[in-house]
There are 2 protein chains.
Amino acid sequence: MGSTDRPDLAAMLAPLTRSLIAMERPVLEAHGLSMWGYSVLIALSRGPARGQGVLAQEIGADKTRIIAVLDDLQKHGLIDRTPDPADRRARLLELTTEGRRIVTRTQAEIQSREEQQVLRHLPPADRRGFLSALRTLAELPRDGIDDNPGAD
Amino acid sequence: MGSTDRPDLAAMLAPLTRSLIAMERPVLEAHGLSMWGYSVLIALSRGPARGQGVLAQEIGADKTRIIAVLDDLQKHGLIDRTPDPADRRARLLELTTEGRRIVTRTQAEIQSREEQQVLRHLPPADRRGFLSALRTLAELPRDGIDDNPGAD
DNA sequence: TATTGTTATACTCTATAACTATA
DNA sequence: TATAGTTATAGAGTATAACAATA
C-alpha cells in the first residue's frame, strides 16, 4: 500500500500543468485574453450565468477576483453584463457574438497545440484512455477530494 | 483537429492539481514539511545533488527560492549540506537517515490517500493506463512543451 | 437583516538584481 | 572575469474585510 515506485500524482501533474499553461499563454495573448478571462469565456460558452458569484464559483475563483476580468471582457465587447430584471443586484452574463467567435477560435488553437505537442507523445489507444480518465477525475466533486473521509 | 467537444487539458488538470495539493497539505503539515521541502526531499531521495542550483532546476524552482527551504530542512536534521571538496563554492546535498525516513513515510501516506480518494474512481484497467500515460507526459522535457516548434 | 457586486487593504508567493566567496 | 550561494528589494497574484445598492 503506497509503495514508492511511482511519483506522486501532484508531483507529475503540477509541472505538466505549468508547461501546459505556458503553452497556452502565447495563444491567449494573441487573442488579448488573460487566463482568467479565457476561463470565464469557456464557462459562458456553456450557457449564460445569472450572477457573478455563481460564475466565480463555477470556475474556482473568488467573487472579487473576476471583477476586473469581467470589466476587461466587457470593455472589449466579448461579454454582455446586464442587471437581472428579476433581481437587480445580480448581473446576467453572456457571450457576445464576438466573444463566442474568440473563444471558439482560441480553444481550437489551444487544443490543436495540445494534441500536436503533448498528446502526440501518447500512443492513440493510451491517448483516448488518458483523456477519458482525466475527464472522470476532473469532474469529481472537489469535496470528494479535498475532504478527508478517512483522515485519521 | 481541435474540435471543441472536450475541455482543454490545462482546464482539467489545473483544478485537479489544486485539489491534489490541498489533499497533500495536511499530510505534509503533519510531518512539518512545506510543499517545496517535500519536493526537495523527493529529489534527494533519488540520490545526492552536487549544487543547489542543480537541485533547484531539477525540481523546477529558482536557485533563490529553495534556500530558505534548505535552511529549514537542515535545521530539522533532514538533510546534510556540506561544501563540495572539489569546488568549495558548491554544496553537496543529501538526505540524512531521518530525512529518508520522513520522506518515505510521507510519500507512502500521500500515495495511499491518492489511491483511496482519487484513483479509486477509475476502473483498475483505466487506472494503470492513466498512470502510465501520465508518467510519459510528466517525463517529457519541458522544452518540448514550452517551446513552440510550430508556432506560426 | 441578508445578499450582490464593488472597492480597498494586507498578505503570500515569486522574480530580479545586488553582494560575498571561491574559482 | 565567471560562477555558487546568499540576501534584499520589488512586483504579481491572492485573499480578507469594509462599503453601497437592492432584496
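What comes next concerns the included structure. (Residues numbered from 1 in each chain as written. Chains lettered and ligands numbered in written order. Predicted model: local features only at pLDDT ≥ 70, side-chain atom pairs only at ≥ 80, totals over all residues. Heavy atoms only, no water.)

1. As for the environment of B:Ala30
Turning to step 1, where the next piece is worked out: By the secondary structure assignment, B:Ala30 is in helix 1 (residues 9–30).
Turning to step 2, where the next piece is worked out: Residues B:Ala30 and B:Thr106 lie 76 residues apart in sequence; the distance between their C-alpha atoms is 9.0 Å. (Helix = DSSP H or I, 4+ residues; strand = E, 2+ residues; numbered from the N terminus.)

2. Side note on the protein's contact with DNA strand C
Turning to step 1, where the next piece is worked out: Surveying the vicinity of DNA strand C reveals 16 residues, the closest of which are A:Gln52, A:Gly53, A:Arg89, B:Arg65 and B:Arg89.
Turning to step 2, where the next piece is worked out: Counting only the atoms of DNA strand C within 4 Å of the protein, the fraction contributed by sugar and phosphate is 63%.
Turning to step 3, where the next piece is worked out: B:Arg88 places a main-chain nitrogen or oxygen 3.2 Å from a phosphate oxygen of DNA strand C.
Turning to step 4, where the next piece is worked out: For the surface near DNA strand C, the secondary-structure elements that each account for two or more residues are helix 3 (52–58) and strand 3 (87–95) of chain A together with strand 3 (87–95) of chain B.
Turning to step 5, where the next piece is worked out: Residues belonging to the surface near DNA strand C are distributed by class as follows: three nonpolar, five polar and eight charged. (Near = heavy atom within 4 Å. Polar contact = N/O pair within 3.5 Å; in protein donor to acceptor, adjacent residues only side chain to side chain. Nonpolar A, V, L, I, M, F, W, Y, C, P; charged D, E, K, R; others polar.)

3. A short note on the protein's contact with DNA strand D
Turning to step 1, where the next piece is worked out: Every one of the 16 residues lining DNA strand D counts as a neighbour, but A:Arg65, A:Arg89, B:Gln52, B:Gly53 and B:Arg89 are closest to it.
Turning to step 2, where the next piece is worked out: Put simply, 66% of the atoms of DNA strand D that lie within 4 Å of the protein are in sugar or phosphate.
Turning to step 3, where the next piece is worked out: Contact between DNA strand D and B:Gly53: a phosphate oxygen at 2.8 Å from a main-chain N or O atom of the residue.
Turning to step 4, where the next piece is worked out: Take B:Arg91: an N or O atom from its main chain is 3.3 Å from a phosphate oxygen of DNA strand D.
Turning to step 5, where the next piece is worked out: Only strand 3 of chain A together with helix 3 (52–58) and strand 3 of chain B provide two or more residues apiece to the surface near DNA strand D.

4. As for the pattern of salt bridges
Turning to step 1, where the next piece is worked out: Applying the stated criterion across every chain, the model contains eight salt bridges over all chains.
Turning to step 2, where the next piece is worked out: Residues A:Glu98 and A:Arg101 are paired through a salt bridge, measuring 3.2 Å at the closest nitrogen-oxygen approach. With A:Glu98 and A:Arg101 both in helix 5 (residues 97–117), this residue pair falls three residues apart, about one helical turn.
Turning to step 3, where the next piece is worked out: A:Arg101 sits in the partly exposed class, given a relative accessible area of 47%.
Turning to step 4, where the next piece is worked out: Note that B:Asp72 is salt-bridged to B:Lys75, the shortest N-O span being 4.0 Å. Of this pair, B:Asp72 and B:Lys75 both sit in helix 4 (residues 67–75), three residues apart, roughly one helical turn.
Turning to step 5, where the next piece is worked out: For B:Lys75, a relative accessible area of 67% corresponds to the exposed category. (Salt bridge = Lys/Arg side-chain N within 4 Å of Asp/Glu carboxyl O. Buried < 20%, exposed > 50% of the residue type's maximum accessible area, 1.4 Å probe, protein only.)

5. Here we look at the side chain of A:Thr96
Residues and elements named next belong to chain A.
Turning to step 1, where the next piece is worked out: As for its placement among the helices and strands, Thr-96 is situated in the loop between strand 3 and helix 5.
Turning to step 2, where the next piece is worked out: Given a relative accessible area of 14%, Thr-96 falls into the buried group.
Turning to step 3, where the next piece is worked out: With near-sequence residues (within four places) excluded, Thr-96 lies in contact with Gly-77, Leu-78, Ile-79 and Asp-80. (Contact = heavy atoms within 4.5 Å.)

6. Considerations on the sheet that holds strand 2 (residues 79–84) of chain A
All names here are of chain A.
Turning to step 1, where the next piece is worked out: Taking strand neighbours across the sheet as the criterion, the three strands line up as 1-3-2 in an open arrangement whose pairing is antiparallel. Sheet topology places strand 1 (49–50) and strand 2 at the edges, where each strand pairs with a single neighbour.
Turning to step 2, where the next piece is worked out: Sheet analysis places strand 1 next to strand 3, joined by two bridges and oriented antiparallel. Each residue of the ladder has a partner; that of Ala-49, found in strand 3, is Leu-93.
Turning to step 3, where the next piece is worked out: Where helix 4 (residues 67–75) meets the sheet, its contacts fall on strand 2 and strand 3, and the angle it forms with strand 2 comes to roughly 115°. (Pairing = 2+ DSSP bridges. Axes fitted to C-alpha atoms, helices over the stretch in contact; angles between N-to-C directions.)

7. Re the packing of aromatic side chains
Turning to step 1, where the next piece is worked out: Per the stated rule, a full pass over the model turns up one aromatic pair over all chains.
Turning to step 2, where the next piece is worked out: An angle of 10° between the planes, with centres 5.5 Å apart, marks the rings of A:Phe130 and B:Phe130 as stacked. One end of the pair, A:Phe130, is in helix 6 (residues 124–138); the other, B:Phe130, is in helix 6 (residues 124–138), on a second chain.
Turning to step 3, where the next piece is worked out: Residue A:Phe130 is classed as buried on the basis of its relative accessible area of 1%. (Phe/Tyr/Trp six-rings, centres within 6.5 Å; stacked < 30°, edge-to-face > 60°.)

8. Details of the pairing of strand 2 (residues 79–84) of chain B
It is a general feature of regular strands that their side chains alternate between the two faces of the sheet.
All names here are of chain B.
Turning to step 1, where the next piece is worked out: Here six bridges tie strand 2 to strand 3, and the two strands are oriented antiparallel to one another. Of the residues in strand 3, the one forming a bridge with Arg-81 is Leu-93.
Turning to step 2, where the next piece is worked out: From the end of strand 2 to the start of strand 3, which pair antiparallel, there are two residues.

9. Some words on helix 6 of chain B
Turning to step 1, where the next piece is worked out: In this model helix 6 of chain B runs 21 Å from its N-terminal to its C-terminal C-alpha over 15 residues, within 8% of the 21 Å that 1.5 Å per residue would give.
Turning to step 2, where the next piece is worked out: Looking at the packing, one finds that the buried side of helix 6 of chain B touches helix 1 (9–30) and helix 6 of chain A. (Expected span 1.5 Å × (residues − 1).)

10. Overview of the nonpolar core
Turning to step 1, where the next piece is worked out: With 34 residues, the main nonpolar core has A:Leu9, A:Phe130, B:Leu9 and B:Phe130 as its most contacted residues.
Turning to step 2, where the next piece is worked out: At the level of secondary structure, the elements contributing two or more residues to this core comprise helix 1 and helix 6 of chain A together with helix 1 and helix 6 of chain B.
Turning to step 3, where the next piece is worked out: Those residues in contact with B:Leu9 that lie beyond four places of it in its chain are A:Leu20, A:Glu114, A:Val118, A:Leu119, A:Leu131 and A:Leu134. (Core = buried A, V, L, I, M, F, W, Y, C linked by side-chain atoms within 4.5 Å.)

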